[in-house]
Structure formats: structure tokens, C-alpha cells
Amino acid sequence: MLFALGLLAAGPAAAQDPCAYYTPQPRPQNAGRDIVGQELDVIQEQGHMLFAVYADFPPYSWQQGGRPTGVDIEIAELIAEDLGVDARFNFVAAGENLEADLLNNIWKGAVIGGRIANVMMRVPYDSAFSCRVEQVVFTGQYGAESIAIAYDKASYPDTPPVPAFFRFDSVAVESDSISDFYLASFAGGQLAGNVRRYPTMATAMEALNAGEVMAAMGPLGQLEYGLSESSAVHNPPLPGFAVSKWTLGVAVNFRYRPLSYAVDDAISAGLQDGRIAGIYESYGLTFQQPER
């Protein structure tokens, strides 16, 4: 799963106002509500709402026996229940970057066969990025994610590995992920020969548990979900890693502010009463508080 926050280097003025240097984007005009989303009252009248979730993305969203399952699925169901409607799901593939995902699923729609969702789950939040995509309201921060390292306990009985270890030891990553980019450039490329690339984080963890590699690096939740009795995980310092932890929330079309407020209220309630933390824990994951 590609991570594309689109963070930009900024000077002091931009640090005070992350939107200072962005030019407003064109917004969709004369589009029907079936194209760009729905008002809150329409959603409640019809009795269901549509969530865009990433396909084949355990432990967050996937289909098991034809049934939607995962952390993001259950949080979406929590939101829908709070709004008094049923949750329906559109499983989508990750695009080239987050902007493409939002365009295809929230505010415009794919050129062929696309469906606009009322809410998109697991959207990384960044104030500067939000300025570039004015067609979307970023709200409902419900968790956080961080980069961690899983490792074979027998290979590291005393000291869990840090990136410098991979000068000599093998490490699995998801191909073209931020962990891949980080390790490929770490220490002037000295680790490149020991980085093993896999199509998904799940297959990288399978390789670790099978003894094909000594460690794996990626998002903490995916590592935790793939652990076996022979492996463990930790969050070491990551020198030179610009974004090793980020906040997660949802996206709603900019036209539907009442819906975004209602979704944010539902998530706030779920955070306060522990239901969202409980969902993470039910999948064996560490719940990381969002920065709200």
C-alpha cells in the first residue's frame, strides 16, 4: 500500500499557515448528488451509506468468505450505526497516490466504472496536503500508524534490530513502500543488498515467519497482525525518517459539511468510550491515539 501524504518542505511562513502558498483548485460544478455524494438527510432517509475502503488490506479491510472484515470495516459500521443507517462498502485498489484515490472515490469518480462513496476510510491527515485537495473535508481522526520493525526472536535474542543492522542482515519490505524507500537510501545505500521486496506486507511477514529473512519493516498494525510465535515487533528510533508516524482519519466531499460533522461526532464518541480502541485490540493490534 503506497503512502502518499504529499508533505512539502516549508519555510517559517508556511509553518504558520500551511495553506499560504496553495492556489485554490477548480471544484466540480453542476454535478448531481448521485455523482458527488449525498446530503446527510438523504443518507438517513435511504437507510444506508457507502464507505470506500482499500481492498485486500488486512488487518484493516478485506473480504473473508464474501463478508467485509477488518478494523476499518468495524469503525465504518460504528459510524453508520451512530447515524442510524447501515454500512455498505466499496472495496477499491490504491491509486498512484492519495490525491488520485480521493478524486476517484470522493469528489469526482473514476473515468470507467467508478462509484462515489459518502466516506473514505484510512486517509492520512496532513494540514498542508489538505490545502491542495480543497474538494475534500478531512475529518474524523480515529487512529494513528507508525513504522516499526518485526524480527525473528531467535536471530535477535538480546537486542531487537535497528536499521543499521541491515548492513549485514536481511530485511523484508513491501515493494515501493516508504520503508522500501527509506532502507534503500539509508547510509548511502549500504543496505540495498539485504533488502528483500515483496508484493504486500502480508507476504513480507510470511517470509519472516518462514525464516527467509531475519526482519521486516513496515506499518506497525500490519506487522502485529502477521506475527507468529517465532517473531516479535518493536518501534525503534528511525534516524532520517521524515514521517515515521501519521494520523489517520476519513474523507468526505466538501459539499457535505453536515455529514462530515456527524461522522466526526460518531468517531469522537467511539474514541471517548473506548469502542475504537477495542476494535483495534480485537485484532491483536496496538491502538495509537490520533492527534485531534
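Just so it is clear, the structure is predicted and the values come from calculations on it, not from any experiment.

1. A short note on the overall build of the protein chain
The helix and strand tally for the protein chain stands at 11 helices and 11 strands. For the protein chain, the proportion of its 292 residues judged to be buried stands at 51%. By sequence separation, contacts in the protein chain at least 24 residues apart represent 74% of the contacts at least 6 residues apart. Element-wise, carbon and sulfur atoms account for 49% of the exposed surface of the protein chain, whose accessible area totals about 13,500 Å².

2. Observations concerning unusual backbone geometry
The phi angle of most residues is negative, glycine excepted, and most peptide bonds adopt the trans form. With an omega of 10 degrees, the peptide bond between Pro58 and Pro59 qualifies as cis. Summarising the element assignment, Pro59 is placed in the loop between β1 (48-54) and β2 (62-64). Here Asp56, not a glycine, exhibits a phi torsion of approximately 50 degrees, which is positive. Here Asp56 shows up in the loop between β1 and β2. Owing to a relative accessible area of 67%, Asp56 belongs among the exposed residues under this scheme. The phi angle at Ala187 is positive, at roughly 50 degrees, despite the residue not being glycine. Assignment of secondary structure puts Ala187 in the loop between α7 (178-185) and β8 (195-198).

3. Notes on the environment of Glu81
One can find Glu81 in helix α4 (residues 71-83). Put simply, Glu81 and His48 are 33 residues apart on the chain and 9.7 Å apart in space, counted from C-alpha to C-alpha.

4. A short note on the confidence of the model for the protein chain
The predicted structure's coordinates, where accompanied by low pLDDT, should not be read in detail. With 85% of its residues at a pLDDT of at least 70, the protein chain reaches an overall mean of 87. Low pLDDT (under 50) marks residues 2-15, which in the prediction has 24 contacts with non-local residues, meaning those over four places away or in another chain. Contacts from residues 27-36, a stretch scored under 50 in pLDDT, to residues over four places away or in other chains number 22 contacts.

5. Overview of the packing of aromatic side chains
What characterises a pair of aromatic rings is the spacing of the ring centres plus the angle enclosed by the ring planes. Summed over the entire model, instances satisfying the criterion amount to 10 aromatic pairs. Ring centres 6.2 Å apart and planes at 90 degrees place the aromatic pair Tyr54 and Phe57 in the edge-to-face group. An identical accessibility class is assigned to Tyr54 and Phe57; each is buried. Taken together, a centroid distance of 5.2 Å and an interplanar angle of 55 degrees make the contact between Tyr280 and Phe287 tilted. Accessibility assignment for this pair places Tyr280 and Phe287 in one class, buried. Through a chain of ring-to-ring contacts, the aromatic side chains of Tyr54, Phe57 and Tyr60 assemble into a single cluster.

6. So, helix α5 (residues 98-107)
Turning to α5, its buried residues number three or more, namely Leu98, Asp101, Leu102, Asn105, Ile106 and Trp107. Along the long axis of α5, the arc covered by the buried residues comes to 140 degrees, so they all point the same way. Between the side-chain oxygen at the start of α5 and the backbone nitrogen of Glu99 there is a gap of 3.2 Å, and the oxygen is on Asn97. Immediately downstream of α5, the backbone of Gly109 shows phi near 105 degrees, a positive value.

7. Looking at a negative patch on the surface
On the surface, Glu77, Glu81, Asp82 and Asp265 cluster together into a patch of negative charge. Broken down by element, the residue count for the negative patch peaks at three residues, all from α4. On the secondary structure map, Glu77 appears in helix α4. Classification of Glu77 by relative accessible area gives partly exposed; the value is 37%.

Criteria and cut-off values
- Residue numbers here run from 1 along each chain, matching the order of that chain's written sequence.
- Since the coordinates come from a predicted model, pLDDT governs what is reported: local features require at least 70, and pairs of side-chain atoms require 80 or more to be given and counted, while whole-chain, interface and lining totals use all residues.
- Processing note: side-chain calculations cover all non-hydrogen atoms of the structure and skip hydrogens and water entirely.
- Numbering of helices and strands starts at the N terminus; helices are DSSP runs of H or I of at least 4 residues and strands are runs of E of at least 2.
- When a residue's accessible area, from a 1.4 Å probe over protein chains only, is under 20% of the maximum for its type it is buried; when over 50% it is exposed; and in between it is partly exposed.
- Any two residues whose heavy atoms approach within 4.5 Å at even a single point are treated as in contact.
- Calculation of accessible area relied on Shrake-Rupley with a 1.4 Å probe; when residues are assessed, cover is drawn exclusively from the protein chains displayed.
- On a scale of 0 to 100, pLDDT captures the predictor's confidence in every residue.
- Stacked, tilted and edge-to-face are the three classes assigned to paired rings of Phe, Tyr and Trp, where Trp is represented by its six-membered ring and a pair needs centres within 6.5 Å; plane angles under 30 degrees give stacked, over 60 edge-to-face, the rest tilted.
- In this description, one arc is meant: the one made by directions from the helix axis to the C-beta atoms.
- Counted as a polar contact is a pair of N or O atoms within 3.5 Å, where, for protein atoms, one must be capable of donating a hydrogen and the other of accepting one, and residues adjacent in sequence contribute only when both atoms are in side chains.
- Patches were defined on residues exceeding 30% relative accessible area and lacking a salt bridge, with like-charge contacts within 9 Å and nonpolar side-chain contacts (Val, Leu, Ile, Met, Phe, Trp, Tyr) within 5 Å.
- Salt bridges are identified by distance alone: a Lys or Arg side-chain nitrogen within 4 Å of an Asp or Glu carboxyl oxygen.
- We score Asp and Glu as negative and Lys and Arg as positive, and we do not count His or the chain ends.
- All charge positions are set by atom: Lys at NZ, Arg at CZ, Asp at CG, Glu at CD.

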